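Read off the chains here:
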Amino acid sequence: MVLAAAWGAGIALFVSWGRPLDETLVSAAVWAFYAAVLWYVQARSERRTAAKLDAQDGVLVYLRYPDSRAGSLSGIWNMGVVTFDGTAGMNFQPAVYDTLEPTGRPTAFTALVAVSAGPRKIDRKEQKYLTHPGFLAIRLTTDKGDIEVAARPESLRRILGAVTGSPEAK
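From a predicted model like this one, the values you see are computed outputs, not experimental measurements.

Colleague: Any chance you could break down the pairing of strand S2 (residues 78–84) for me, citing the residues and the numbers?
Modeller: Examined bridge by bridge, strand S1 (residues 59–64) and S2 share five bridges and lie antiparallel to one another. For Tyr 62, the partnering residue across the bridge sits in S2 and is Met 79. Two elements, S2 and strand S3 (residues 90–96), share five bridges in a ladder whose sense is antiparallel. Following the sheet pairing, Val 82 is matched in S3 by Phe 92.

Colleague: Before we move on, can you summarise the packing of aromatic side chains with the specific residues and values?
Modeller: This structure, assessed with the given rule, holds two aromatic pairs. Ring centres of Trp 31 and Tyr 34 lie 5.8 Å apart, and the angle between their planes is 90°; on these two criteria the pair is classed as edge-to-face. Of the two residues, Trp 31 and Tyr 34 are both situated in helix H2 (residues 21–56); the distance of three residues between them amounts to about one turn of the helix. When its relative accessible area of 51% is taken as the criterion, Trp 31 is described as exposed. Both rings, one in Tyr 62 and one in Phe 135, keep their centres 5.6 Å apart while their planes meet at 70°; by these two values the pair is edge-to-face. Placement of the pair is Tyr 62 in strand S1 and Phe 135 in the loop between strand S7 (120–121) and strand S8 (136–142), with a sequence separation of 73 residues. Assessed through its relative accessible area of 4%, Phe 135 is described here as buried.

Cut-offs applied
- Residues numbered from 1 in each chain as written.
- Predicted model: local features only at pLDDT ≥ 70, side-chain atom pairs only at ≥ 80, totals over all residues.
- Heavy atoms only, no water.
- Pairing = 2+ DSSP bridges.
- Helix = DSSP H or I, 4+ residues; strand = E, 2+ residues; numbered from the N terminus.
- Phe/Tyr/Trp six-rings, centres within 6.5 Å; stacked < 30°, edge-to-face > 60°.
- Buried < 20%, exposed > 50% of the residue type's maximum accessible area, 1.4 Å probe, protein only.

Everything listed is a geometric property; what it means functionally is a separate question.
Structure below.
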């Protein structure tokens, strides 16, 4: 369906530019094929990342300390994997890229309390460090200060479930 829409949009665009029909059909087919390849590579990468996270029983998140000084590296979203230790605590392992290669040392957060009532949308200025679309953020109070966690909505429900001790954490 998406491939057909891309092909149709390509045809409309090239015809509006006054190109011949045979050239238009070929150019639109090439662009549609290109879009399909990009979509396939992205979907495959996401499946691979999801399988790796399932094997670790983890959640892909971005974490930052919102009350840090302006310009501090702590105020920047850091990508990583959160795992739960079963005692209303979570472990954050910084990671890079979609390969989830660990970088730095892990941080254990305990005494988690949700400050925000629910997930909030991340504004445009904050999104420049988030490479995954569709992430929302929540604010938590921990033993190491307030943190903000950005993740997909289903992952945030899992984190909030771990914080409140509800069965959604699994």
